[in-house]
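Tertiary structure, described
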Amino acid sequence: MKNNLYKNMPYIDVLSEPSINMIRIYLIIRELQVNRNNRLVLTLEKLCFFYSVIVSDDMVNTIINRSKNKDDNVFYDSEDESFSYKNSSDIKDAIEGNKIKDYIINMCSLDLITIEIIKNDKLLSINKAITINENDPLILKWIENIKKIKFCINKSERELYLSLIEACHV
């Protein structure tokens, strides 16, 4: 009887919730907004890449294996994939960034982040700190994945999107 009850319930994708997505964006900006010289480096386009990748351990590990450690012959094993995120609509969302741009507009209107245009690059930074439950397993996973692929911030947008497409076809 219990299984029949769940069978008829609608599926709710937690990753489609606006507040969850804005937290993901906030974390990416917080962690990647500046380089070692304290210069802004996170563009809107690079944000779209990180936004798409950090939800999937499998994609993160594929990008690490194909990019950073290709010459070192160091490979990370895929972990248990709790969120499958490998389909063409996800790539399209990352490349077009329409959904992410809507969240950015909301976050700017809330004065949480700012966008500076420097040499035609839209650079993102945190304007106001917010409180996030940093012990939440999902948040911990995202922060860990951001740190694992932080090296990608130095890559061109073209290189990032090519690695995203490659990671989705593994």
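Residues numbered from 1 in each chain as written. Predicted model: local features only at pLDDT ≥ 70, side-chain atom pairs only at ≥ 80, totals over all residues. Heavy atoms only, no water.

1. Some words on unusual backbone geometry
Positive phi values are uncommon outside glycine, yet Asn-38 reaches one of about 65°. Relative to the helices and strands, Asn-38 resides in the loop between α2 (18-32) and α3 (44-53). Accessibility expressed as a relative area gives 62% for Asn-38, which makes it exposed. The phi angle at Asp-111 is positive, at roughly 65°, despite the residue not being glycine. Exposure remark for Asp-111: the relative accessible area of 35% places this residue in the partly exposed category. (Helix = DSSP H or I, 4+ residues; strand = E, 2+ residues; numbered from the N terminus. Buried < 20%, exposed > 50% of the residue type's maximum accessible area, 1.4 Å probe, protein only.)

2. Some thoughts on the packing of α2 against α3
Between α2 and α3, the least distance of the axes is 10 Å, while the angle of their chain directions is 120°. Our classification of the angle between α2 and α3 gives oblique. As for the relative orientation of α2 and α3, their crossing is right-handed in sense. Along the contact surface, α2 presents Asn-21, Arg-24, Ile-25, Ile-28, Ile-29 and Leu-32, while α3 presents Leu-47, Phe-50 and Tyr-51. Within the contact of α2 with α3, the residues separate by chemical class into 7 nonpolar, 1 polar and 1 charged. (Axes fitted to C-alpha atoms, helices over the stretch in contact; angles between N-to-C directions. Parallel < 35°, antiparallel > 145°, perpendicular 65-115°, else oblique. Left-handed = near helix turned anticlockwise from the far one by under 90°. Contact = heavy atoms within 4.5 Å. Nonpolar A, V, L, I, M, F, W, Y, C, P; charged D, E, K, R; others polar.)

3. Considerations on α3
Each α-helix winds once per 3.6 residues, and so residues spaced three or four apart point in a common direction. Counting buried positions along α3 gives 9 out of 10 residues, so the element sits mostly inside the fold. Leu-44, Lys-46, Leu-47, Cys-48, Phe-49, Phe-50, Tyr-51, Ser-52 and Val-53 are the residues of α3 that are buried.

4. Things to note about the confidence of the model for the protein
Residue-level pLDDT values for the protein average 82, and 74% of them are 70 or greater. Counted against residues more than four places away or in other chains, residues 73-85, with its pLDDT under 50, gives 32 contacts. (pLDDT = per-residue confidence, 0-100.)

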